[in-house]
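# Secondary and tertiary structure notes
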Amino acid sequence: RAVRRIVVDAGHGGRDPGAIGRRGPREKDVTPDIARKVAQELKDDGFEVVLTRRGDRFLPLEDRTALANTSGADLFVSIHANANPRRNRSGIETYFLNVTDDRYAARLAARENGAEAEGEEHGGGLRRRILSDLNAVTSAGSSRRLAELVQGELCRSVRTRFGDVRDLGVKSALFYVLVGARMPAVLVETAFISNRREEQRLASAKYQDEVAGAVARAVV
């Protein structure tokens, strides 16, 4: 069906700070700025946009996709900032929901999911839920395609404006925030807040504008 309405999710919030940079910036504070810019770009392109949160408030992961479902969204895009104990780790990567055994993806998903999904994940409930969810199965191809478009546009834009950036590619992981979405859904790791150079980029309005423009072009 035609893509008309898009839900843009600012990762983390409230009591969940997400990742924290060397100089103290928190993921929960960076993602709303980018999400608002993405929303404005999409509105300028003629789409209807719903933001999952405005301001610094906690929103359970399952409520984010529930909002997308009840609002009749055609796409779901969750905005995040990456982190790694290795401070030299850098780059951009985009995820879609899938059952995966990739260890890096599993660790990242565990960090983004937090404690909320921990019990279910360890018990195998999350995997069973996904495998039995017809929506997840039927949307997998479209979600991968959207992830590929976002990843390609974002890497090209950042290279053009800011110089070299590592393209970490498109991956699949068990992100709880994507479970239950009845539409193509992706999670975008826009940069590593744990990396000194990329932490500065994330705080830059110019970088946020570039990310927003790239996501909008991918959707178009």
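Each chain carries its own residue numbering, running from 1 in the direction its sequence is written. The predicted origin of the model limits local features to residues at a pLDDT of at least 70 and limits the giving and counting of side-chain atom pairs to 80 or more, whereas totals for whole chains, interfaces and linings rest on all residues. In computing side-chain properties, one takes all heavy atoms of the structure into account and sets aside hydrogens as well as water.

### A closer look at the overall build of the protein chain
Put simply, the test is: Per the convention used, a helix needs a DSSP run of H or I reaching at least four residues, while a strand needs a run of E reaching at least two, with both numbered from the N terminus. Contacts were defined at the residue level, with two residues in contact if any of their heavy atoms lie within 4.5 Å. Throughout, the Shrake-Rupley method with a 1.4 Å probe supplies accessible areas, and for residues the shown protein chains are the sole cover considered.
Per the secondary structure count, the protein chain includes eight helices and six strands. In sequence order, the secondary structure elements of the protein chain are arranged as β-α-β-α-β-β-α-α-α-α-β-β-α-α. Counting only contacts in the protein chain whose residues sit at least 6 apart along the sequence, the fraction spanning at least 24 positions is 81%. Summed over its atoms, the accessible surface of the protein chain is roughly 9900 Å², and 46% of this surface lies on carbon and sulfur atoms.

### Observations concerning the packing of aromatic side chains
Where we set the bar: Classification of ring pairs rests on two measures: the distance between centres of Phe, Tyr or Trp rings, Trp counted by its six-membered ring, which must be within 6.5 Å, and the angle between planes, read as stacked under 30 degrees, edge-to-face over 60 and tilted in between. Buried, partly exposed and exposed residues are distinguished by accessible area as a fraction of the type maximum, computed with a 1.4 Å probe on protein chains only: under 20%, between the cut-offs, and over 50%, respectively. Charge-over-ring contacts are defined here by two conditions on Lys NZ or Arg CZ: a distance within 6 Å of the ring centre and an angle within 35 degrees of the ring normal.
Within the structure shown, the criterion is met by two aromatic pairs. Taking 5.0 Å as the distance between ring centres and 85° as the angle between the ring planes, the aromatic pair formed by Tyr-95 and Phe-175 counts as edge-to-face. Here Phe-175 lies in the loop between strand S5 (167-173) and strand S6 (185-192) and Tyr-95 lies in strand S4 (residues 92-97), a separation of 80 residues in the sequence. Of the residues examined, Phe-175 reaches a relative accessible area of 0% and is grouped as buried. Centre to centre, the rings of Phe-162 and Tyr-207 are 5.3 Å apart; their planes meet at 70°, and the pair counts as edge-to-face. Pair noted here: Phe-162 is in helix H6 (residues 134-162) and Tyr-207 is in helix H8 (residues 205-219), with a separation of 45 residues, a long-range link. The class of Tyr-207 is buried, set by a relative accessible area of 1%. Taking NZ or CZ as reference, Arg-15 lies 3.7 Å from the ring centre of Phe-58, over its face.

### Topic: the nonpolar core
Cut-off, in case you're wondering: As used in this record, nonpolar core signifies buried Ala, Val, Leu, Ile, Met, Phe, Trp, Tyr and Cys residues forming a set joined through side-chain atoms within 4.5 Å.
The biggest cluster of nonpolar side chains holds 40 residues, and the ones touching the most others in it are Ile-6, Val-8, Val-38, Leu-42 and Leu-202. For this core, the elements supplying multiple residues, two or more each, are strand S1 (5-10), helix H1 (27-44), strand S2 (48-51), strand S3 (75-82), S4, H6, S6 and H8. For this core, the leading source of residues is H8, giving eight residues. Contact partners of Leu-42, with chain neighbours within four places excluded, come to Ile-6, Val-8, Phe-47, Val-49, Ala-216 and Val-219. Judged by nonpolar contacts, the second largest core, of 19 residues, contains Ala-68, Ala-109, Tyr-176 and Val-177.

### Details of the packing of helix H7 (residues 196-203) against H8
The criterion, for reference: Angles shown run from 0 to 180 degrees and are taken between the N-to-C directions of axes, each axis being a line fitted to C-alpha atoms and, for helices, limited to the stretch in contact. Convention used here: angles under 35 degrees read as roughly parallel, angles over 145 as roughly antiparallel, angles from 65 to 115 as roughly perpendicular, and any remaining angle as oblique. For this classification, the nonpolar set comprises Ala, Val, Leu, Ile, Met, Phe, Trp, Tyr, Cys and Pro, the charged set comprises Asp, Glu, Lys and Arg, and every other residue, Gly included, is treated as polar.
At a minimum axis distance of 5 Å, the contact between H7 and H8 shows a crossing angle of 80°. It follows that H7 is roughly perpendicular to H8 by the angle criterion. Where H7 approaches H8, its residues Arg-201, Leu-202 and Ala-203 are matched on the opposing element by Ala-205, Tyr-207 and Gln-208. For the contact of H7 with H8, the per-class residue count stands at four nonpolar, one polar and one charged.

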